[in-house]
Amino acid sequence: MTAILQTQKLRVEYRSREMRQGIKVALLGLDLEVRAGEVFGFLGPNGAGKTTTMNVLLGFVPPTSGAASLFGIDVRQPIARQRIGYLPELTYYYKFLTAEELLRFYAKIFGLARGETDKRIAELLKLVELEHAAKRPIKSYSKGMQQRVGLAQALINNPDLLILDEPTSGLDPLGRMKVREIIQRLKHDGKTVFFSSHELGEVETVCDRVAIIHQGELKAIGGVHEITGKHASLEKAFLEIIGFNSSTAP
Amino acid sequence: MKNIFAVAGVVIKELYRRKDFYVLFIITVLICLVMASVNIFNDPKIARYLKEICLLLVWISSLVIAITTTARQIPAERENRTLLPLLAKPLTRPQLIFGKFFGCWFACGLALLCFYIFFGALAAAREHQWPLLDYFQAAVMHWFMLGIVVAMTLLGSLVFAAPSSNSTICFVIIGGILFVGRHLDQVATSMHEPLRAIVNALYFTIPHLEFYDLRDLIIHNWPLIEWKYIVLALLYATAYIFAFLLGACLVFRRKPVN
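This write-up is about the structure you can find in this document.

Calculation criteria
Residues numbered from 1 in each chain as written. Chains lettered and ligands numbered in written order. Predicted model: local features only at pLDDT ≥ 70, side-chain atom pairs only at ≥ 80, totals over all residues. Heavy atoms only, no water. Helix = DSSP H or I, 4+ residues; strand = E, 2+ residues; numbered from the N terminus. Rg over C-alpha atoms; globule rule 2.2 N^0.38 Å. Buried < 20%, exposed > 50% of the residue type's maximum accessible area, 1.4 Å probe, protein only. Contact = heavy atoms within 4.5 Å. Areas by Shrake-Rupley, 256 points an atom, 1.4 Å probe, with all protein chains shown as cover. Lys, Arg positive; Asp, Glu negative; His and termini not counted. Charge placed at Lys NZ, Arg CZ, Asp CG, Glu CD. Phe/Tyr/Trp six-rings, centres within 6.5 Å; stacked < 30°, edge-to-face > 60°. Lys NZ or Arg CZ within 6 Å of the ring centre and 35° of its normal. 1 Å grid on protein atoms, 1.4 Å probe; cavity = no way out; pocket = protein on both sides within 12 Å on 5 of 7 lines; lining within 4 Å. Points joined across faces, edges and corners; volume = space filled by probe spheres on them. Salt bridge = Lys/Arg side-chain N within 4 Å of Asp/Glu carboxyl O. Pairing = 2+ DSSP bridges. Axes fitted to C-alpha atoms, helices over the stretch in contact; angles between N-to-C directions.

1. Remarks on the overall build of chain A
Turning to step 1, where the next piece is worked out: Looking only at helices and strands, one finds eight helices and ten strands in chain A.
Turning to step 2, where the next piece is worked out: Against the compact-globule benchmark of 18 Å for 250 residues, chain A has a radius of gyration of 19 Å, which places it among compact chains.
Turning to step 3, where the next piece is worked out: For chain A, buried positions account for 52% of its 250 residues.
Turning to step 4, where the next piece is worked out: Sequence-distant contacts in chain A: of pairs separated by 6 or more residues, those separated by 24 or more amount to 65%.
Turning to step 5, where the next piece is worked out: Carbon and sulfur atoms make up 50% of the accessible area of chain A, which totals about 11,600 Å².
Turning to step 6, where the next piece is worked out: Distance between charge centres in chain A, computed from 33 positive and 28 negative side chains, equals 5 Å.

The following block contains the structure:
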């Protein structure tokens, strides 16, 4: 299978105010490869460098050294983002727009034709179960509905690669189940999903492969069963990989 | 261009769905209608005072709309994190800047149109004449002046983190240019070097927003300004708009957006 997301010796450094303008290394030579058609879980504790990696992949943050590409195109080129969908963590979409208007706006940026846009919006609102609220301003939406509208905007261009930053964060069990279902449906449609999550049970259920990152370094990468290995669950394997010793925990 | 106009469309929607414009418009209308309903001292030229007050309110309201609308654009995108899904699409940063600029500028143009239509109706009711070309010249010049203000505020929104500090600084700078800008060269003559050179340099660097103030033209029913001077003023405004937008693009180019 071809790699559609790739990083090579990716290093990101930035000046940290907390450290009195000292240098903080967010990523330390990260090598990552995500193949077409797989659901890839990107795991790590808070501050491990997951969001930084996504920020580099989306061109938000320039890498200090190393390279990152999407579909073989350097991430600094806007065209690299033509075939991707992205759902950031905790976003408050334009509250004065309705879900339909928001999706229409994003469709325009992708250059979708009017007829195609109408069709796509109808499909997506049905997928995320927001048909009834399509004409309501987003400011009246609950958190779960906002997250679902976020998922719809990430899918507006029918992307081949979907990058999701903690897609189930802050959702109730029903909302999480819905997101899980959507990811599985995308996988069934042959799409590639790259997502970060702290919900390891969920990762175990939907992912083909996972990578565990800690303090900016890649600690493990492989199939879910491969990583879990002799451990009872992915959670136990994850804790051991990041060096957490349960016997010394308070 | 389609990306620029898509971003601009959202900005325009924001302006007419928020209350700011309506509040300012209603206040202007109410003050002007109250003023128009009384005839102090039975002065036959009272319509001039009425026009002056109405135009002053239109100028203040338009500056408030232009600065407050523009100052919150990029900071609100950052705060609500909508900048992330937006820039994760095939939209370049300069396209975002230009989209925000055109959105704010067109939104100001729409607001200005409402204000000038009301002003025209009010003035016509008292003077029984409708000097359309005078109003057109004044409104176009006013709109281009707002273009400079919008571009300057947009650049400020990338330099200053908080919209409130950016708005305050922009109000102070624009107020300073409008009230003091035209006198800087005279002030410089009474100074010694190197201060004189600095003040002179400032005089030639700042955008002279007072060029665009044609209120007296319509208050006193003066003859039209020659169109070649209007075109020159519009070109002068365009040059400043592009200079500020270029500055904004350069500042935003390498700025991390996370």
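2. Concerning the packing of aromatic side chains
All names here are of chain B.
Turning to step 1, where the next piece is worked out: Within the structure shown, the criterion is met by 29 aromatic pairs over all chains.
Turning to step 2, where the next piece is worked out: Relative to Phe25, the ring of Phe21 lies with its centre 5.7 Å away and its plane at 25°, an arrangement referred to as stacked. Of this pair, Phe21 and Phe25 both sit in helix H2 (residues 20–37), separated by four residues, roughly a single helical turn.
Turning to step 3, where the next piece is worked out: Look at Phe21 and you get buried, because its relative accessible area is 11%.
Turning to step 4, where the next piece is worked out: Judged by centre distance (5.7 Å) and plane angle (35°), the ring pair of Phe102 and Phe106 falls under tilted. Within this pair, Phe102 and its partner Phe106 are both found in helix H5 (residues 93–127), separated by four residues, close to a single helical turn.
Turning to step 5, where the next piece is worked out: Classification of Phe102 as buried rests on a relative accessible area of 18%.
Turning to step 6, where the next piece is worked out: An aromatic cluster is present here, built from Phe5, Phe98, Phe101, Phe102, Trp105, Phe106, Trp143, Phe144 and Phe242 joined pairwise through their rings.
Turning to step 7, where the next piece is worked out: Stacked on the ring of Phe252, the Lys or Arg Arg93 has its end atom at 5.3 Å from the ring centre.

3. Some words on empty space enclosed by the protein
All names here are of chain A.
Turning to step 1, where the next piece is worked out: This structure, assessed with the given rule, holds one cavity of 30 Å³ or more.
Turning to step 2, where the next piece is worked out: Looking at the largest cavity, its volume works out to about 30 Å³.
Turning to step 3, where the next piece is worked out: Taken together, Pro63, Gly66, Ala67, Ala68, Asp74, Val75 and Arg76 form the lining of the largest cavity.
Turning to step 4, where the next piece is worked out: Counting residues per element, the lining of the largest cavity draws most heavily on strand S4 (residues 65–70), at three residues.

4. Some remarks on the pattern of salt bridges
Where charged atoms from two side chains of opposite charge come close, those side chains can pair.
All names here are of chain A.
Turning to step 1, where the next piece is worked out: Summed over the entire model, instances satisfying the criterion amount to 21 salt bridges over all chains.
Turning to step 2, where the next piece is worked out: Its salt-bridge partner being Arg104, residue Asp118 comes within 2.8 Å of it at the nearest N-O pair. Of this pair, Asp118 sits in helix H3 (residues 114–127) while Arg104 sits in helix H2 (residues 99–109), and the two are 14 residues apart along the sequence.
Turning to step 3, where the next piece is worked out: For Asp118, a relative accessible area of 36% gives the class partly exposed.
Turning to step 4, where the next piece is worked out: Between Lys187 and Asp208 there is a salt bridge, with the nearest N and O atoms lying 2.8 Å from each other. Here the residue Lys187 occupies a position in helix H5 (residues 173–188), and Asp208 occupies one in the loop between helix H6 (200–206) and strand S9 (209–214), the gap between them amounting to 21 residues.
Turning to step 5, where the next piece is worked out: A single salt-bridge network, built from bridges that share partners, covers Glu100, Arg104, Asp118 and Lys135.

5. Things to note about the pairing of S4(A)
All names here are of chain A.
Turning to step 1, where the next piece is worked out: The pairing of S4 with strand S5 (residues 73–74) spans two bridges and is classified as antiparallel. Across the sheet, residue Leu70 finds its bridge partner in S5, namely Ile73.
Turning to step 2, where the next piece is worked out: Connecting S4 to the antiparallel partner S5 that follows it, the hairpin turn spans two residues, and Phe71 within it adopts a positive phi of roughly 55°.

6. Brief notes about unusual backbone geometry
Turning to step 1, where the next piece is worked out: Across the junction of Glu193(B) and Pro194(B), the peptide omega takes the value 5°, indicating a cis bond.
Turning to step 2, where the next piece is worked out: Structurally, Pro194(B) can be placed in the loop between helix H8 (184–189) and helix H9 (195–205).
Turning to step 3, where the next piece is worked out: At Lys9(A), a position not held by glycine, the phi torsion is positive, near 45°.
Turning to step 4, where the next piece is worked out: Looking at the secondary structure, you find Lys9(A) in strand S1 (residues 3–16).
Turning to step 5, where the next piece is worked out: Despite not being glycine, Glu166(A) shows a phi value in the positive range, around 45°.
Turning to step 6, where the next piece is worked out: Topologically, Glu166(A) is positioned in the loop between strand S7 (161–165) and H5.

7. A short note on the pairing of S9(A)
Residue and element names in this part refer to chain A.
Turning to step 1, where the next piece is worked out: Summarising burial for S9: six of the six residues are buried, a large majority.
Turning to step 2, where the next piece is worked out: The alternating pattern of S9 places Arg209, Ala211 and Ile213 on one face and Val210, Ile212 and His214 on the opposite face, and all of these are buried.
Turning to step 3, where the next piece is worked out: With six bridges connecting them, S9 and strand S10 (residues 217–223) associate as antiparallel partners. Counterpart to Arg209 in the pairing with S10 is Gly223.
Turning to step 4, where the next piece is worked out: In this antiparallel pair of consecutive strands, S9 and S10, the connection spans two residues, and Gln215 shows a positive phi of 50°.

8. Section: the sheet that holds S7(A)
All names here are of chain A.
Turning to step 1, where the next piece is worked out: Strand order in the open sheet formed by six strands is S6-S7-S8-S3-S9-S10, and the pairing between neighbours is mixed. Strand pairing shows two members of the sheet lacking a second neighbour, strand S6 (84–87) and S10, which therefore form its edges. For this sheet the average axis-to-axis angle between neighbouring strands, irrespective of direction, equals 15°.
Turning to step 2, where the next piece is worked out: Alignment of strand S3 (residues 39–43) against S9, held across four bridges, turns out to be parallel. Considered in S9, the bridge of Gly41 is made with Val210.
Turning to step 3, where the next piece is worked out: Set on the sheet, helix H1 (residues 50–57) makes contact with S3, S6, S7, strand S8 (192–196) and S9; between it and S8 the angle comes to about 140°.

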